[in-house]
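This is what each chain is made of:
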Amino acid sequence: MASTLAIMKKEGEGDIRGRSNQFPMSSAVSLAAEISDGYVDATGAFHPGGQPPHSSGPPTLTPMGPYFQPHSQPNRYPNPPAHFMPAHGFAPHPAPPPHPQHHYQAPQQLHYGSWPGSSPPLNQQVHFGSYPILPPQAQGLGLGPSLNNNPGQYYGALEFNFRGMEGDNLASVLNYVKRNPHATLFDVEGLIPDIATADEMSSRFVQKRLKVGGNDEKQVGVTAAIQALDDLWPSGYGNYMLQAIFEFGTASMKDELMDALYDRDVVNLCLHMHGCRVIQKAIRFLKQEHVCTLIKEFHDKVVTFIHDPHGNHVIQRCVQVMSSFAKCAMKSGNPELASSLSDQMQFIIDDIVANVEILSTHRYGCRVVQRAIEHCVEEQKTLVLDEVISCHKKLVVDQYGNYVAQQALICGSEAHQTAIVDTLTEENESLLALARHKYASNVVEAVLVHGIPQHKGAILEQMLRDTRAEGGEGYCCVIELAKDPIANYVVNKAIEVSEGDQKKKFLEVISSSREELSKSPYAKYVLQRISKLEKVQVKDV
């Protein structure tokens, strides 16, 4: 071997050196290893004689695609590092860079009410293993009254042992209630508030058990709710547990929860995003005498509540429920009780009437005024409507007030409706201007839909008014409205609700001006409706 290296060293201009200019010097070392006894280790050093460690024989070369890899040597490169050299065998060579590979992995499938991969799709049946509700290692330990006394209950194939580990194993408990269709509140006693506030699915479990469970199970939930009341009512999920108690609990349970709420600041709950929902549910499902007690908490706070984005819903519910109590008492032949109930909510009506114009033009206040017009008993509704009519000209063209004017048209008396219709038609061009108005046009449409025939006819007659003379001066109201980006909706509604001679007149006027209307991008909707009506008439003939 030494002679071979000497020959390689002497022949500086020979073939070996010439090839070493083309290939790395390691090529010569590898060639020397091939023509003599020895091997090249992982660092490129030559070792004379013997075999490399862990080798049972001379290294063999096995084809691997375009490369060859000795079995007895570890692969030190991402790809096999040998190139085929026809003249002198095989020599190591830097491997070419690997080709970029693009890997696609299908996204995980998501299922409603769960997490990725936790359950099969909704159209597949979910299988739960039938095991006793306690794991074998926990049976007979007396870890829960419902678990040992109800051997017919089962739990899914879950290896849980969360009893006695309330705070440390909440995730296991959540998984348990989500996957076990037979779980009850007894099984998770001590962690009920944590489950109710965890997520939507867990909150629904608690609500369901409060709905379908027995009174003993419900009492467990009520006790847990009262103990954690300050954590539940501000929670986006926990407040639904309190709502479920008011909806499905017994009278004593509701009273117990209300007593706990009175110890807190009820007004603060009414002005909270989630607390106001709890109070609304209480007003809806408490007994009549308890609702009367609750609304006394709102004295001198009505206007504050109405201007609040959450408190206004509480006042709306008060108006609706108390008015319903009064109407039911009147129908049952107890006018004294009906009058008493109306009187107990009169302070709300007084505040509405005193501020009706301000409230009607307010984003939240307009809702309360509408509910008062819609639900109050006749005497209280008349008080509100009279104040609305006193300022209805301003309300008709207001962003929020127009909804109050529409409610007055729907629920008001004929005198109230007449006052609004007279405002729409009092001058020759009043309807032309108001039908083009973004907000007043809604009131015009409300007259066409909900008005009595007399008022509806007055609006249609005003729309058909034509002042065009032979010289071309003047205008036709319906043609001008049809070309307007807002009023064309009013014309469409007028054609829809008109009958008899008035409908024929609409068809004649619009058909005679088809060429003029075809030039307007907004009149095309009116022309489309006219075309449909003409086709229907042809079929009828």
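Residues numbered from 1 in each chain as written. Predicted model: local features only at pLDDT ≥ 70, side-chain atom pairs only at ≥ 80, totals over all residues. Heavy atoms only, no water.

**Student:** Is there a simple way to think about the overall build of the protein chain in this case?
**Tutor:** Per the secondary structure count, the protein chain includes 32 helices and eight strands. Taking the contacts inside the protein chain whose residues are at least 6 apart along the sequence as the reference set, 58% of them involve residues at least 24 apart. For the protein chain, the exposed area adds up to about 29300 Å²; of that, 51% sits on carbon and sulfur atoms. (Helix = DSSP H or I, 4+ residues; strand = E, 2+ residues; numbered from the N terminus. Contact = heavy atoms within 4.5 Å. Areas by Shrake-Rupley, 256 points an atom, 1.4 Å probe, with all protein chains shown as cover.)

**Student:** Even after reading the chapter, I still don't get the packing of helix H10 (residues 239–248) against helix H13 (residues 275–285), so can you show me in this structure?
**Tutor:** Packed helices, taken two at a time, are described by their axes: the angle between them and the distance between them. Contact geometry for H10 and H13: axes closest at 9 Å, N-to-C directions at 5 degrees. Comparing the axis directions of H10 and H13 gives the class roughly parallel. Between H10 and H13, the residues in contact are Asn239, Leu242, Gln243, Phe246 and Glu247 and Arg277, Val278, Lys281, Ala282 and Phe285, respectively. Looking at the contact of H10 with H13 residue by residue, the classes come out as five nonpolar, two polar and three charged. (Axes fitted to C-alpha atoms, helices over the stretch in contact; angles between N-to-C directions. Parallel < 35°, antiparallel > 145°, perpendicular 65-115°, else oblique. Nonpolar A, V, L, I, M, F, W, Y, C, P; charged D, E, K, R; others polar.)

**Student:** Would you mind going over a negative patch on the surface with me for this structure?
**Tutor:** A cluster of like negative charges, contributed by Asp422, Glu426, Glu427 and Glu429, occupies part of the molecular surface. Checked against the element boundaries, Asp422 lands in helix H24 (residues 414–425). (Patch = residues over 30% accessible without salt bridge, like charges linked within 9 Å, V, L, I, M, F, W, Y side chains within 5 Å. Salt bridge = Lys/Arg side-chain N within 4 Å of Asp/Glu carboxyl O. Lys, Arg positive; Asp, Glu negative; His and termini not counted. Charge placed at Lys NZ, Arg CZ, Asp CG, Glu CD.)

**Student:** When you look at unusual backbone geometry in this model, what are you seeing that I'm missing?
**Tutor:** Most peptide bonds adopt trans geometry, and most residues besides glycine take a negative phi value. At Asp300, a residue that is not glycine, the phi angle is positive and equals roughly 65 degrees. Along the polypeptide, Asp300 turns up in the loop between helix H14 (288–295) and helix H15 (302–306).

**Student:** I tried to follow the confidence of the model for the protein chain on my own but got confused; where do I start?
**Tutor:** The predicted coordinates of low-pLDDT regions are not to be read in fine detail. When pLDDT is averaged along the protein chain, the result is 78, and 67% of the positions lie at 70 or above. In the predicted structure, residues 1–36 sits below a pLDDT of 50 and forms 37 contacts with residues beyond four places in sequence or in another chain. Residue range residues 58–78 is modelled with pLDDT below 50. Its contacts to residues more than four positions away, or to other chains, number 32 contacts. (pLDDT = per-residue confidence, 0-100.)

**Student:** Would you mind showing me how to read the packing of H14 against helix H17 (residues 335–344) here?
**Tutor:** For the pair H14 and H17, the least separation of the axes is 10 Å and the interaxial angle reads 25 degrees. As far as their axial angle goes, H17 and H14 are roughly parallel. The crossing of H14 and H17 is left-handed. In contact with Gln288, Cys292 and Ile295 of H14, H17 contributes Leu337, Leu341 and Gln344. The residue makeup of the contact of H14 with H17, split by class, is four nonpolar, two polar and no charged. (Left-handed = near helix turned anticlockwise from the far one by under 90°.)

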